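Listed below are the residues making up each chain.
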Amino acid sequence: MTLPYFDGVLFVGFGGPTPGCCERFSTCPGSEAICFVKAIIGERPGAQARLAEVAAHYAHLGGFSPFNALTLQQARSVAALLEVQGWHVPVHVGLRYWPPYVRDVLKTMVEQGLRNLLAVILSPFQCSASWEAYQQVVAEGVAALGKQGPQVTYLAPWHTHPGFLEAIADTIRQASAPLGPGRAQEAALIYTAHAIPTVMATGAPYTQQFA
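Computed from a prediction, not measured in an experiment: that's the story for all the values here.

1. So, the overall build of the protein chain
Secondary structure assignment for the protein chain yields nine helices and four strands. Reading the protein chain from its N terminus to its C terminus gives the helix and strand order β-α-α-α-β-α-β-α-β-α-α-α-α. Here the C-alpha coordinates of the protein chain stretch approximately 60 × 50 × 35 Å along the principal axes. Each of the 211 residues in the protein chain was classed as buried or not, and the buried ones make up 34%. Taking the intrachain contacts of the protein chain between residues at least 6 apart in sequence as the baseline, contacts between residues at least 24 apart amount to 67%. Within the structure as shown, the protein chain displays about 13000 Å² of accessible surface, and the carbon and sulfur contribution to it stands at 61%.

Quick look at the structure:
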């Protein structure tokens, strides 16, 4: 079997507030956390109360998110692993709601001569707010490049991949280790996930994949 040839890998993620300007607003709304949440929920009626509430959550935890730094580290690690295996393929990160934005990263990749990309959506579970929304952002970025736009193929859903499952299991082992074998064996394990609207869940495999 002949494997498909990709000359670049694009990690597509949600993003999170990090120090510095988000480059979205002509006048800064006040903090990185507020800019981040404002970009997500927009200007719809009643959004301001929710904006303040979520921004306060970030402020309580220091105002920023580790998501971007961790994702960039993942990209570097994957690029290094591919290099060891003989695949000289650059790995880029494009985010929906914080720099580096998907559209800008796609432009950079095209300028580097990359034309056939493998996109990895950094969400293990599928619904319109995750996979479909990420694909839409990528499609818009590709369309903006016109005839120079790259060909994008998506990695298959990975919620059952052994590496992902082992990472979750390892996290549980580390968290339960201080309890000792006896208490850890008896402890209840509670899984949580983002809540999504019932209508969205009905038409997507999100709930089943998480279960």
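2. What to know about the sheet that holds strand β3 (residues 116-121)
Pairing is parallel in the open sheet, where four strands are placed in the order β2-β1-β3-β4. Looking at the sheet topology across the chains shown, the edges are occupied by β2 (91-95) and β4 (151-154). When the angles between neighbouring strand axes are averaged without regard to direction, this sheet yields 30°. For strand β1 (residues 8-13) and β2, the ladder comprises five bridges, and the chain directions are parallel. Looking across to β2, one finds that V12 is bridged to G94. Sheet strands touched by helix α4 (residues 102-111): β1, β2 and β3. Its angle to β2, the strand with the most contacts, is close to 150°. In the packing of helix α5 (residues 128-144) onto the sheet, contacts are made with β1, β3 and β4, and the angle to β4 comes to roughly 170°.

3. Quick notes on a nonpolar patch on the surface
Nonpolar side chains collect at one region of the surface, where I168, L189, Y191 and F210 lie side by side and expose about 380 Å² of accessible area between them. Looking at where Y191 falls in the secondary structure, it is placed in the loop between α7 (180-186) and α8 (198-202).

4. Digging into the pairing of β2
Counting buried positions over the five residues of β2 gives five, a clear majority of the element. Neither face of β2 is open: one carries V91, V93 and L95, the other H92 and G94, and all of them are buried.

5. Let's talk about the packing of α4 against α5
It is at 9 Å that the axes of α4 and α5 come closest, and there the two elements cross at 45°. As judged from the angle between their axes, α4 and α5 are oblique. The hand of the α4/α5 crossing is right-handed. Between α4 and α5, the residues in contact are V102, R103 and L106 and V137, V138, G141 and V142, respectively.

6. Considerations on unusual backbone geometry
With glycine set apart, most residues show a phi of negative sign, and most peptide bonds adopt trans. The linkage connecting P99 with the following residue, P100, adopts the cis geometry, with an omega of 0°. By the secondary structure assignment, P100 is in the loop between β2 and α4. Phi is positive for E23, close to 65°, though the residue is something other than glycine.

7. Some remarks on helix α3 (residues 67-84)
For α3, built from 18 residues, the straight-helix expectation of 26 Å at 1.5 Å per residue is met to within 8% by its first-to-last C-alpha distance of 26 Å. Those residues of α3 that sit buried are N68, T71, A75 and L82. Along α3, the residues classed as buried sweep out an arc of 65° about the axis, all on the same side. With respect to the buried face of α3, the exposed residues turned more than 90 degrees away are L70 and V84. Structurally, α3 contributes buried residues whose contacts are with β1 and β2. Two residues or fewer after α3 comes G86, characterised by a positive phi angle close to 90°.

Cut-offs applied
- Residues numbered from 1 in each chain as written.
- Predicted model: local features only at pLDDT ≥ 70, side-chain atom pairs only at ≥ 80, totals over all residues.
- Heavy atoms only, no water.
- Helix = DSSP H or I, 4+ residues; strand = E, 2+ residues; numbered from the N terminus.
- Buried < 20%, exposed > 50% of the residue type's maximum accessible area, 1.4 Å probe, protein only.
- Contact = heavy atoms within 4.5 Å.
- Areas by Shrake-Rupley, 256 points an atom, 1.4 Å probe, with all protein chains shown as cover.
- Pairing = 2+ DSSP bridges.
- Axes fitted to C-alpha atoms, helices over the stretch in contact; angles between N-to-C directions.
- Patch = residues over 30% accessible without salt bridge, like charges linked within 9 Å, V, L, I, M, F, W, Y side chains within 5 Å.
- Salt bridge = Lys/Arg side-chain N within 4 Å of Asp/Glu carboxyl O.
- Parallel < 35°, antiparallel > 145°, perpendicular 65-115°, else oblique.
- Left-handed = near helix turned anticlockwise from the far one by under 90°.
- Expected span 1.5 Å × (residues − 1).
- Arc of directions from axis to C-beta.

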